[in-house]
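A closer look at the structure
So the chains spell out like this:
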Amino acid sequence: MSRREIRERIFKLLFRVEFYETGEMEEQKELFFEDAEDFPEQAGEKDKQEITGKFDAIAGKLSEIDKMIDEKATGWSTKRMGKVDLTIIRLAVYEICFDGQVPTGVAINEAVELAKSYGQDGSAAFVNGVLAKFAKTGETAETTAVLE
């Protein structure tokens, strides 16, 4: 699977956090990987491990990530955000702040693309606006290009 496909699968799995208790997430992961639409047969064990590993890492930091979002998203709180937008922002904040493998500009760009695909009208602009505040704390040449 491509990096984009893996990120999309992580987003879909992470979205379930909004609807299930923590204790139910192991079963939800199993169901996710059994569903051919969510996890196609041609996907390999390496893809599954990458998705699971990143999902578990994000889920383990959700309260910290939400606190960071609440601090940066002026006039918004995670409780008021749409579930799709929040899930996309959580994934990107994790990539920006905790995953040294993903450049900030890539994390923002991929989040905006997810918002265009899964969000409502205005989701892409909202996601970009919130994530731009995270980019400014560690802005590089590549993030500047995304923000312009």
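See the structure shown above.
Below or above, wherever it landed, is the structure these notes cover. (Residues numbered from 1 in each chain as written. Predicted model: local features only at pLDDT ≥ 70, side-chain atom pairs only at ≥ 80, totals over all residues. Heavy atoms only, no water.)

**Some points on the nonpolar core**
By size, the foremost hydrophobic cluster in this structure holds 41 residues, and its most contacted members are Ile58, Ile69, Ile89 and Leu131. Among the elements of the structure, helix H1 (3–15), helix H2 (25–34), helix H3 (45–60), helix H4 (62–72), helix H5 (83–97), helix H6 (104–118) and helix H7 (123–135) are those that each provide at least two residues to this core. Among the elements that take part in this core, H5 stands out by supplying eight residues, more than any other. (Core = buried A, V, L, I, M, F, W, Y, C linked by side-chain atoms within 4.5 Å. Buried < 20%, exposed > 50% of the residue type's maximum accessible area, 1.4 Å probe, protein only. Helix = DSSP H or I, 4+ residues; strand = E, 2+ residues; numbered from the N terminus.)

**Section: the environment of phenylalanine 55**
Mapped onto the fold, phenylalanine 55 is located in helix H3. For phenylalanine 55, a relative accessible area of 3% corresponds to the buried category. Considered as a pair, phenylalanine 55 and arginine 7 are 48 residues apart in the sequence and their alpha carbons are 9.8 Å apart. The residues touching phenylalanine 55, leaving out its near neighbours within four places in the chain, are Leu13, Leu14, Val17, Met25 and Lys29. (Contact = heavy atoms within 4.5 Å.)

**Notes on the pattern of salt bridges**
The final tally for this structure, using the stated rule, is 13 salt bridges. Salt-bridge contacts for lysine 116 lead to glutamate 113; the nearest nitrogen and oxygen are separated by 3.4 Å. A residue pair is termed a helical-turn pair when its members lie 3 or 4 positions apart in one helix, as lysine 116 and glutamate 113 do in helix H6 at three residues. Ionic contacts of the salt-bridge type, sharing partners, join the residues Arg4, Arg7, Lys54, Glu95, Asp99 and Glu110 into one network. (Salt bridge = Lys/Arg side-chain N within 4 Å of Asp/Glu carboxyl O.)

The values are spatial; any link to function lies outside them.
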